[in-house]
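Residue strings, one per chain:
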Amino acid sequence: MPTLLPMLLLPVMLLTGLVLDSPALAADPESPHPHQLISPVVSKPAALDLNTDEQAIVDGGGVVVRSQRTKLGGEGQAVQLVNAPPSAVWDAILGYPLYPERVSTVVSATVYERDGDTFYVDMKSSIMGYETVLYSRNALHRDEGWMAWSLDYRRTSDVKDIAGYWRVEQIQDSPPLTRLEHSTVLAISGVPGFVVKHLTRQSLADGVAWVKKAAEGS
C-alpha cells in the first residue's frame, strides 16, 4: 500500500494554487504515467539503524519517524513494534478490500491485476472533498519479510512519482512481537519544504499506526 502522503498533500496544493506537476496530472488507466523519477526498491532493505533514544521509544511502544526534504521532494521512514505475529501484519497490509474501514481517507482499494506475488492496486482516496487515484505495483517478498511498492507506470496516477517499502521482521515468537518499518520517497514540486517534511512524518506515523491496530485486532 502506498503512503497516505499524496492524499494529505493534495488539498494543501489545491488551496494554495499549486499542483503536483505542470500541467496537472489526471488519473487515467488508459494512458502511461508521464514520469518515472524514483527507482523502486529491488532488494531487501536493511533495517533502519536506530540510535539509543530512538530504540527506547520503539521498545516503549512508541513510533520513530525520520523525514527529510530531497531534491525531488521528500522521503522518510517509520518504525514501530506490533504485538502480533508477522502473518497478522501481512494480512493487514494485504487486506486491500478492508482499507476503507481501516483508513479514513481511503474510499476504495481494488486489486485489478495479480502476477504471482505482485499486486496491482487501484486506490481511491478523498480528503476535504478532494479525490486522488493511485495505481500502484506492490511486489511482495513475504518469505524475506518485505514488500516494495511504486506506481504502475502503465497508468497515469494523480502524483508525480512515489515509491517505498514495508519491512516486517519477527522479534519474538511468544508473546508475538514484530518490528514494522514503512518507508516512502516522493517526487513533488511547488510545495514548501517544511510542509512536505511535516506531512511526510504524519503520513508515515499514521501508516504504521493503522497496520498495528489492525494486526493486533484492536
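Scroll up to find the structure this text is about.
Residues numbered from 1 in each chain as written. Predicted model: local features only at pLDDT ≥ 70, side-chain atom pairs only at ≥ 80, totals over all residues. Heavy atoms only, no water.

Looking only at helices and strands, the protein features five helices and eight strands. For the protein, the N- to C-terminal ordering of α and β elements is α-α-β-β-α-α-β-β-β-β-β-β-α. The buried share of the protein, reckoned over its 218 residues, is 52%. A sequence separation of at least 24 residues applies to 61% of the contacts in the protein between residues at least 6 apart. Accessible surface for the protein amounts to roughly 9,900 Å². Of this, 51% is attributable to carbon and sulfur atoms. (Helix = DSSP H or I, 4+ residues; strand = E, 2+ residues; numbered from the N terminus. Buried < 20%, exposed > 50% of the residue type's maximum accessible area, 1.4 Å probe, protein only. Contact = heavy atoms within 4.5 Å. Areas by Shrake-Rupley, 256 points an atom, 1.4 Å probe, with all protein chains shown as cover.)

By the bridge criterion, eight bridges tie strand β3 (residues 106–115) to strand β4 (residues 118–127) in an arrangement that is antiparallel. Looking at the pairing, Ala109 lines up with Met123 of β4. Taken together, β3 and the strand that follows it, β4, pair antiparallel across an intervening segment of two residues, in which Gly116 is found at a positive phi of about 65°. (Pairing = 2+ DSSP bridges.)

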